[in-house]
Amino acid sequence: MTAAERHARSQLAQMLSQRGVIRGTLLVRKRKCGKVNCRCARGEGHESLFLVISENGRTRQFFVPKDWEPRVRQWVADYHRVRNLLEDVSRIFWDKLRHRRD
């Protein structure tokens, strides 16, 4: 096993065992609450965070509460890091196959 492969596998194992990962995109939306004297009635909407995913050809959205925002942002970022590490490992094995070496 090469040093690059060991490093990528180690990073993957650490990320998957220590924190969560979630596929999706974070989207901030502005909405109106309906109160006549609220600032949102003047066009300044209340911001809400949603996690958006595509599942079986359908788009799904999940509201992310304020206290969960840092955690969910970390999970999404870690998902992208894991995906990139998997691509690195895949490239290593692609080269092994192409050069016919273990």
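Residues numbered from 1 in each chain as written. Predicted model: local features only at pLDDT ≥ 70, side-chain atom pairs only at ≥ 80, totals over all residues. Heavy atoms only, no water.

1. A short note on unusual backbone geometry
- Of note in the backbone geometry, asparagine 56 takes a positive phi value of approximately 55° without being a glycine.
- Tracing the chain through its elements places asparagine 56 in the loop between β2 (46-55) and β3 (58-64). (Helix = DSSP H or I, 4+ residues; strand = E, 2+ residues; numbered from the N terminus.)

2. Focus on the sheet that holds strand β1 (residues 25-31)
- Ordered by their spatial adjacency, three strands build an open sheet running β1-β2-β3, and the pairing between neighbours is antiparallel. Strands with a single pairing partner mark the edges of an open sheet, and in this sheet they are β1 and β3. Across the sheet, the mean angle from the axis of one strand to that of its neighbour is 40°, orientation sign disregarded.
- Note that β1 and β2 share seven bridges and pair antiparallel. Paired with leucine 26 across the bridge in β2 is leucine 51.
- Of the strands in this sheet, β1, β2 and β3 are in contact with helix α2 (residues 69-99), which crosses β1 at around 145°. (Pairing = 2+ DSSP bridges. Axes fitted to C-alpha atoms, helices over the stretch in contact; angles between N-to-C directions. Contact = heavy atoms within 4.5 Å.)

3. Some words on the confidence of the model for the protein
- Looking at the protein as a whole, its pLDDT mean stands at 88, while 99% of the residues score no less than 70.
- The weakest mean pLDDT in the protein belongs to helix α1 (residues 3-18) at 85; the strongest belongs to β3 at 95. (pLDDT = per-residue confidence, 0-100.)

4. Points about α1
- The terminal C-alpha atoms of α1 lie 22 Å apart, and with 16 residues this matches the ideal 22 Å at 1.5 Å per residue to within 8%.
- Regarding α1, the residues found buried are Glu5, Ala8, Leu12 and Met15. For α1, the arc enclosing every buried residue in end-on projection is 105°, short of the 170-degree limit, so these residues lie on one face. For α1, exposure combined with an orientation more than 90 degrees from the buried face picks out Ala3, Ser17 and Gln18.
- Close packing links the buried residues of α1 with α2. (Expected span 1.5 Å × (residues − 1). Buried < 20%, exposed > 50% of the residue type's maximum accessible area, 1.4 Å probe, protein only. Arc of directions from axis to C-beta.)

5. Here we look at the pairing of β3
- The pairing of β2 with β3 spans seven bridges and is antiparallel. Its bridge partner lying in β3, glutamate 55 is registered against arginine 58.
- Linking β2 to β3, which pair antiparallel, is a turn of two residues; within it asparagine 56 sits at a positive phi near 55°.

6. Brief notes about α2
- Taking 1.5 Å per residue as the helical rise, α2 with its 31 residues ought to reach 45 Å, and the 45 Å between its terminal C-alpha atoms agrees with that figure.
- Within α2, the full set of buried residues consists of Val72, Val76, Asp78, Val82, Leu85, Val89, Ile92 and Lys96.
- Buried-residue contacts for α2 involve α1, β1, β2 and β3.
- Residue arginine 100 follows α2 closely and has a positive phi angle near 55°.

7. Focus on the packing of aromatic side chains
- Using the criterion set out here, one finds two aromatic pairs in the structure.
- Look at tryptophan 68 and tryptophan 75: their rings are 6.0 Å apart centre to centre, the planes differ by 75°, and that puts the pair in the edge-to-face class.
- Directly above the aromatic system of tryptophan 68 lies the positively charged group of arginine 71, at a separation of 4.0 Å from the ring centroid. (Phe/Tyr/Trp six-rings, centres within 6.5 Å; stacked < 30°, edge-to-face > 60°. Lys NZ or Arg CZ within 6 Å of the ring centre and 35° of its normal.)

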